[in-house]
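Summary of the model geometry
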Amino acid sequence: MADEIITVLEPEDEYTHEPDDAENYNESMYLNAFDLGIEAGGWFRLGNRVNEGYAEMSVCVYLPDGRVGFMFDRPAIDDNDAMNAGGLEIEVVTPFEHLAVRYRGRVCLLDDPSEMADPRTAFRNNPMVECEVDLDYRGVSPMYGVKPQYADGREVPVEPGKSFAKAHYEQHCAVTGTIRVGEETMDIDGLGLRDKSWGPRYWQALTWYRWLPMVFGDDFAMMLSVIDRGGDRPPSTGGMVLVDDEYHPIVDCSIDSDWNDAGEQTAMRCWAKTDEAEYEITGEVLSMIPLRNRRTTPDGEQLHTRITEAMTRYQCNGRTGIGMSEYLDQVVDGWPIGAPTP
């Protein structure tokens with residue numbers, strides 16, 4: 001039937017798409033990389049908002065001693081032909097198999113990453129240093145995620161003002177290369193996760209979410225997701241567990257977090273269930289930086305979203321892993337809505 005919704009994913013989806021008419025169209029690629037041996041790494045993101053005339057460019061590097069190098073910019077773009085803006089380039093070498101990340105620019109080097117809660121002050125009071133990133137990502141898993149469409153090939157419509165993405169997929173990868181921050185160079189031989197999404201996006205489209213990508217080895221990795229969209233609906237749960245070279249979808253999961261006085265995650269105890277097994281996972285934040293997104297609505301309302309990005313050490317089934325704990329919350333009356341009230 002023409003109105004039947006099916007899911008597809010094609011090699012050309014690795015490249016940029018023709019933007020639709022939504023003002024907030026966003027084509028996004030995100031990649032993280034961590035080396036457990038040195039407990040260091042980083043993440044890199046480009047979000048092309050071509051209908052708004054700019055890209056969102058983020059580079060975040062976690063150094064072994066707890067310092068964080070961070071840069072965010074909104075470089076001007078006038079087309080959606082490539083993921084290349086603000087000194088950050090993400091190249092598709094072979095779809096679904098090999099991507100390359102390069103950055104040439106500067107980062108703000110923070111001894112105390114929590115200062116980024118006030119970006120103006122953080123960038124003013126901390127040194128800017130040169131940064132170079134050269135990383136190769138090679139898939140160690142199948143793809144997780146899909147592009148929904150009608151059986152006759154038509155796109156499934158989304159409501160731009162309430163959308164976070166209309167298509168999304170992820171993949172665990174082996175990562176090799178170098179990251180240089182100032183005079184310090186880190187040789188990376190580790191693992192990570194990368195994702196791709198496109199379609200209308202507002203960071204305020206969700207009430208809160210918890211996103212935990214983690215890698216224990218090229219034969220064992222996970223991503224746990226809990227999303228609250230507001231209203232009377234309970235939060236949705238999902239994700240996957242990589243076992244050898246196969247993804248097992250998560251059918252249910254929970255994340256119980258510890259918090260500091262700023263309402264930021266410091267540790268977590270997680271449970272995940274697939275059709276094949278159940279998993280108990282603990283996480284300990286090693287280094288965290290708080291970021292924010294602000295938007296003024298047409299009627300003048302100021303919206304504030306906080307995203308805490310933490311390099312996190314994980315334990316599961318006697319194995320030690322590393323990855324991220326990314327917590328997004330809308331800020332209401334000065335407090336992140338999903339964190340416990342002090």
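Reference entry: report on the structure contained in this document. (Residues numbered from 1 in each chain as written. Predicted model: local features only at pLDDT ≥ 70, side-chain atom pairs only at ≥ 80, totals over all residues. Heavy atoms only, no water.)

Scanning the entire structure with this criterion turns up 9 aromatic pairs. An aromatic cluster of at least three residues, connected via ring pairs, comprises Tyr30, Trp43 and Trp211. Above the face of the tyrosine 202 ring, arginine 295 is positioned so that its terminal group lies 3.6 Å from the ring centre. (Phe/Tyr/Trp six-rings, centres within 6.5 Å; stacked < 30°, edge-to-face > 60°. Lys NZ or Arg CZ within 6 Å of the ring centre and 35° of its normal.)

Once their charged atoms are close, side chains differing in charge can pair, the charge on each being opposite to the other. Per the stated rule, a full pass over the model turns up 17 salt bridges. Glutamate 132 serves as the salt-bridge partner of arginine 180, at 3.3 Å between the closest nitrogen and oxygen. One end of the pair, arginine 180, is in strand β11 (residues 167–181); the other, glutamate 132, is in strand β9 (residues 128–139), and 48 residues separate them in sequence. Residue classification places arginine 180 among the partly exposed positions, given a relative accessible area of 23%. (Salt bridge = Lys/Arg side-chain N within 4 Å of Asp/Glu carboxyl O. Helix = DSSP H or I, 4+ residues; strand = E, 2+ residues; numbered from the N terminus. Buried < 20%, exposed > 50% of the residue type's maximum accessible area, 1.4 Å probe, protein only.)

Within a regular beta strand, the side chains point alternately toward one face of the sheet and then the other, so they alternate between its two faces. By the criterion of burial, strand β14 (residues 220–228) is predominantly enclosed, with 9 of the 9 residues buried. Of the two faces of β14, the one holding Phe220, Met222, Leu224, Val226 and Asp228 and the one holding Ala221, Met223, Ser225 and Ile227 are both buried throughout. Two strands pair when backbone bridges link them, and strand β13 (residues 208–217) and β14 are joined in this way by 9 bridges, in the antiparallel orientation. Across the sheet, residue methionine 214 finds its bridge partner in β14, namely methionine 222. Hairpin geometry of β13 and β14 is characterised by an intervening segment of 2 residues between the two adjacent antiparallel strands. Alignment of β14 against strand β15 (residues 236–243), held across 8 bridges, turns out to be antiparallel. Across the sheet, the residue bridging to methionine 222 is valine 241, located in β15. (Pairing = 2+ DSSP bridges.)

Our focus in this paragraph is the nonpolar core. In terms of nonpolar packing, the biggest core is built from 35 residues, with Phe44, Val61, Tyr103, Leu135, Tyr137, Ile179 and Val181 touching the most fellow members. Secondary structure elements with two or more residues in this core: β2 (25–35), β3 (40–49), β4 (54–62), β7 (88–94), β8 (98–110), β9, β11 and β12 (184–200). If sequence neighbours within four positions are ignored, leucine 135 has contacts with Ala33, Phe44, Leu99, Ala100, Val101, Val175, Thr176, Gly177, Thr178, Ile179 and Ile188. Residues Tyr62, Cys108, Ile227 and Met324 belong to the second largest nonpolar core, which totals 31 residues. (Core = buried A, V, L, I, M, F, W, Y, C linked by side-chain atoms within 4.5 Å. Contact = heavy atoms within 4.5 Å.)

The backbone of phenylalanine 96 shows a phi angle near 70 degrees, a positive value even though the residue is not glycine. With respect to the helices and strands, the residue phenylalanine 96 is situated in the loop between β7 and β8. Positive phi is not limited to glycine here, since aspartate 244 has a value of about 60 degrees. Here aspartate 244 is to be found in the loop between β15 and β16 (246–259).

Moving on to the side chain of arginine 67. Tracing the backbone shows arginine 67 in the loop between β4 and β5 (68–73). Within the structure, the side chain of arginine 67 is placed 2.8 Å from the side chain of aspartate 65, a separation counted as a polar contact. Aside from chain neighbours lying at most four places away, what touches arginine 67 is Val61, Tyr62, Leu109, Leu110, Asp111 and Glu184. (Polar contact = N/O pair within 3.5 Å; in protein donor to acceptor, adjacent residues only side chain to side chain.)

The next point concerns the side chain of arginine 45. For arginine 45, the position within the fold is in strand β3. Within polar-contact distance, the side chain of arginine 45 engages the side chain of glutamate 56 at 2.9 Å.

Let's shift gears to the environment of valine 241. Its place among the elements puts valine 241 in strand β15. Classification of valine 241 by relative accessible area gives buried; the value is 0%. With 125 residues separating them in the primary sequence, valine 241 and methionine 116 have C-alpha atoms 33 Å apart. If sequence neighbours within four positions are ignored, valine 241 has contacts with Phe220, Ala221, Met222, Glu246, Tyr247, His248, Ile250, Thr274 and Tyr279.

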